[in-house]
Amino acid sequence: PRIELKHITPVSKLMISSVAEEDKDGVFSVPVWESNPEIADAYLEVINEPMDLRTIEEEGIPQYESIKELQTDLMLMLENCCNYNGIDSFFGQYAL
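Draft legend 1. How the structure looks around the overall build of the chain. Across its full length, the chain holds six helices and zero strands. Each helix (α) and strand (β) of the chain, taken in turn from the N terminus, gives the series α-α-α-α-α-α. Its C-alpha atoms give the chain a radius of gyration of 14 Å, near enough to 12 Å, the size a compact globule of 96 residues would have. Projected onto its principal axes, the C-alpha positions of the chain cover 40 × 20 × 20 Å. Put simply, the chain has 96 residues, and 30% of those count as buried. Pairs at least 24 residues apart make up 64% of the contacts formed inside the chain by residues separated by at least 6 positions. Accessible area for the chain stands at about 6,400 Å²; split by element, carbon and sulfur atoms hold 52% of it.

Right, dumping it as structure tokens:
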């Protein structure tokens, strides 16, 4: 269903809160280069557009004009995890 523009921010915040609750280990809570600086260079060589929950909350949500933009950023975050770590890895499976 279409979500009115005035409701996108509160709905997005609720969805991010729900995702964060599921991310009990905080894997997606902050940028990879912040949580794991030892792999920052290698990560950024593979991942062109990093994404994490904090970036979504601080930079994405205030700008979203549709809920589709939130979905796109969430999918990017999970795809990045699988692309960097491999889908069969612990983190790849965590993302799925």
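Draft legend 2. Spatial organisation of the packing of aromatic side chains. Taken as a whole and judged by the stated rule, the model has four aromatic pairs. Ring geometry for F28 versus Y94: centroids 5.9 Å apart, planes at 35°, classification tilted. In this pair, F28 is assigned in the loop between helix 1 (5-22) and helix 2 (32-35) and Y94 in helix 6 (residues 90-95), connecting sequence segments 66 residues apart. For F28, a relative accessible area of 8% gives the class buried. Ring-pair connections join several aromatic residues into one group, and the members of that group are F28, F90, F91 and Y94.

Here is what the cut-offs are and how they apply
Residues numbered from 1 in each chain as written. Predicted model: local features only at pLDDT ≥ 70, side-chain atom pairs only at ≥ 80, totals over all residues. Heavy atoms only, no water. Helix = DSSP H or I, 4+ residues; strand = E, 2+ residues; numbered from the N terminus. Rg over C-alpha atoms; globule rule 2.2 N^0.38 Å. Buried < 20%, exposed > 50% of the residue type's maximum accessible area, 1.4 Å probe, protein only. Contact = heavy atoms within 4.5 Å. Areas by Shrake-Rupley, 256 points an atom, 1.4 Å probe, with all protein chains shown as cover. Phe/Tyr/Trp six-rings, centres within 6.5 Å; stacked < 30°, edge-to-face > 60°.

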